[in-house]
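Below, each chain spelled out in residue letters.
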Amino acid sequence: MDIIDLGVGDPDLPTPPNIIEAMIKAVQDPANHQYPSYSGTDDFKVAIAEWYKERFSIKLNPESEVIALIGAKEGIAHIPLAFINQGDLALIPTPAYPVYNIGTLFAGGKPYFLPLLKENGFLPDLASLPDDVARTAKMIWLNYPNNPTAAVADRDFFEAVVKFAHKYNIIVCHDLTYSEIAFDEYKPMSLLEIEGAKDTCIEFHSLSKSFNMTGWRIGFAVGNKEAIGGLGSIKSNIDSGLFQAIQLAGIEALRSNRESISKIKKIYAGRRDIMVKGLMESGFTVIPPKATFYLWVPAPHPYTSVDLATRLLEETGVVVTPGNGFGYHGEGYIRLALTKDENRLTEAIERIKNIGL
Ligand SMILES: Cc1ncc(COP(=O)(O)O)c(C=O)c1O
């Protein structure tokens, strides 16, 4: 069967050529063949701080408030080891990127799940959290623009988060992996833009999605210096940093970001429009996302997430992700990634229309 895989959030587009050129040059220099510095080279950390200043108007100290990661996933999985002791509570959204929960479990912590419901715009309802839970929680995970729901958060929500974190002395881990994949003039903000956020927040970034670099393994975290320091202590005992040649390619990516990102966004916007229109015509209800390259689509009655994903796979060869794979509150949805070209997406829609759901 000719499979159209819209299951995984792995961009089909190539890494921009100027980044590849920078890598070729860097890999030929023997100075880059030795162990890199654990927390990232000074030049890479300065480039990150400069990008943050330009993009979010936030000033970061490259020495203490920035750390290089071997992909955002690596930092997300490791940070609980620095702060979560046996039995400690971490507040984890559901549905969510699964590593927030898994990292907590690996550290011996206990997840307390925060449902992301459609009626709340897929934002957690912090006001309804029992006081004793909030008082004992050590960490909260957030991710806006969101995978898998494609929801976005506004300034009011982020202000409430920072207030909540101050009140209960909680570390906020904000996964901002999709900061650059946004449409129609919408520009995702950083949680660190909120006054006082640096007292308690760490933000995770990836070059995977913004620059089509999933295979390269490069990301970074910024924010509260104790949180960055804790993550750095764990990492220095587990890995030995990020290949310097990749960091040099990362510097090129961040410095040349405007041109490559605007091209990528246009491509995803075109794909989004084809899929939203096609799915609506096929009887689905789809809200056009403002950001991310995902569509979070309710499964029509009486399908469960898995029933629908299975029927689509077996009868159309289109792979989608059943929402329950992202946690309990993902049930009743499927996620489609816009990671195929317009012809393949049009073909996927034709096949879906033909089976008549
Ligand atoms: C929400 C979220 N965070 C983190 C990651 C991982 O990013 P990286 O490739 O930098 O490890 C992903 C990848 O799909 C993701 O969706």
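Right above here is the structure, for reference.
The following paragraphs examine the structure supplied in this document. (Residues numbered from 1 in each chain as written. Predicted model: local features only at pLDDT ≥ 70, side-chain atom pairs only at ≥ 80, totals over all residues. Heavy atoms only, no water.)

## Looking at the environment of Pro98
- Relative to the elements of secondary structure, Pro98 occurs in the loop between strand E3 (89–94) and helix H4 (99–106).
- A sequence separation of 71 residues divides Pro98 from Val27, and the C-alpha atoms of the two residues are 33 Å apart.
- Apart from residues no more than four positions distant in its own chain, Pro98 is found in contact with Gly325 and Phe326. (Helix = DSSP H or I, 4+ residues; strand = E, 2+ residues; numbered from the N terminus. Contact = heavy atoms within 4.5 Å.)

## Looking at the sheet that holds strand E8 (residues 219–223)
- Pairing within the open sheet is mixed, and its seven strands lie in the order E2-E8-E7-E6-E5-E3-E4. Edge positions in the sheet fall to strand E2 (66–69) and strand E4 (110–115), since each has one partner strand and no second. Neighbour to neighbour, the strand axes of the sheet diverge by 20° on average, direction disregarded.
- In this sheet, E8 lies alongside E2 in antiparallel orientation, the contact comprising four bridges. Opposite Ile67, over in E8, you have Ala221 as the bridge partner.
- Sheet strands touched by H4: E3, E4, strand E5 (137–142) and strand E6 (171–175). Its angle to E4, the strand with the most contacts, is close to 160°.
- Across the face of the sheet, helix H7 (residues 225–236) comes into contact with E2, strand E7 (201–206) and E8 while running at roughly 35° to E2. (Pairing = 2+ DSSP bridges. Axes fitted to C-alpha atoms, helices over the stretch in contact; angles between N-to-C directions.)

## Examining the packing of aromatic side chains
- Counting across every chain of the model gives 17 aromatic pairs.
- Both rings, one in Tyr100 and one in Trp141, keep their centres 4.8 Å apart while their planes meet at 15°; by these two values the pair is stacked. Of the two residues, Tyr100 is situated in helix H4 and Trp141 in strand E5; the sequence distance between them amounts to 41 residues. Just as Tyr100 is buried, Trp141 falls in that class too.
- For the ring pair Trp296 and Phe326, a centre distance of 6.1 Å and an interplane angle of 75° mean the geometry is edge-to-face. One end of the pair, Trp296, is in strand E9 (residues 294–298); the other, Phe326, is in the loop between strand E11 (321–322) and strand E12 (333–337), and 30 residues separate them in sequence. Side by side, Trp296 and Phe326 carry an identical accessibility label, which is buried.
- Cluster of aromatic residues (ring-pair linked, three or more members): Trp51, Tyr52, Phe56 and Phe220. (Phe/Tyr/Trp six-rings, centres within 6.5 Å; stacked < 30°, edge-to-face > 60°. Buried < 20%, exposed > 50% of the residue type's maximum accessible area, 1.4 Å probe, protein only.)

## Considerations on the side chain of Thr15
- Relative to the elements of secondary structure, Thr15 occurs in the loop between strand E1 (4–5) and helix H1 (17–27).
- Within the structure, the side chain of Thr15 is placed 2.6 Å from the backbone oxygen of Asn212, a separation counted as a polar contact.
- A polar contact of 3.0 Å, which involves the side chain of Thr15, links it to the side chain of Trp216.
- Excluding residues within four positions of it along the chain, Thr15 makes contact with Ile20, Phe211, Asn212, Met213 and Trp216. (Polar contact = N/O pair within 3.5 Å; in protein donor to acceptor, adjacent residues only side chain to side chain.)

## As for unusual backbone geometry
- For the peptide bond that leads from Thr94 to Pro95, omega is 5°, which places it in the cis range.
- Turning to its location among the elements, Pro95 is positioned in the loop between E3 and H4.
- Despite not being glycine, Asn169 shows a phi value in the positive range, around 55°.
- Along the polypeptide, Asn169 turns up in the loop between helix H6 (155–168) and E6.

## What about a nonpolar patch on the surface?
- On the surface, a nonpolar cluster with roughly 300 Å² of combined accessible area is contributed by Met1, Ile3 and Leu313.
- Relative to the elements of secondary structure, Ile3 occurs in the segment before E1. (Patch = residues over 30% accessible without salt bridge, like charges linked within 9 Å, V, L, I, M, F, W, Y side chains within 5 Å. Areas by Shrake-Rupley, 256 points an atom, 1.4 Å probe, with all protein chains shown as cover. Salt bridge = Lys/Arg side-chain N within 4 Å of Asp/Glu carboxyl O.)

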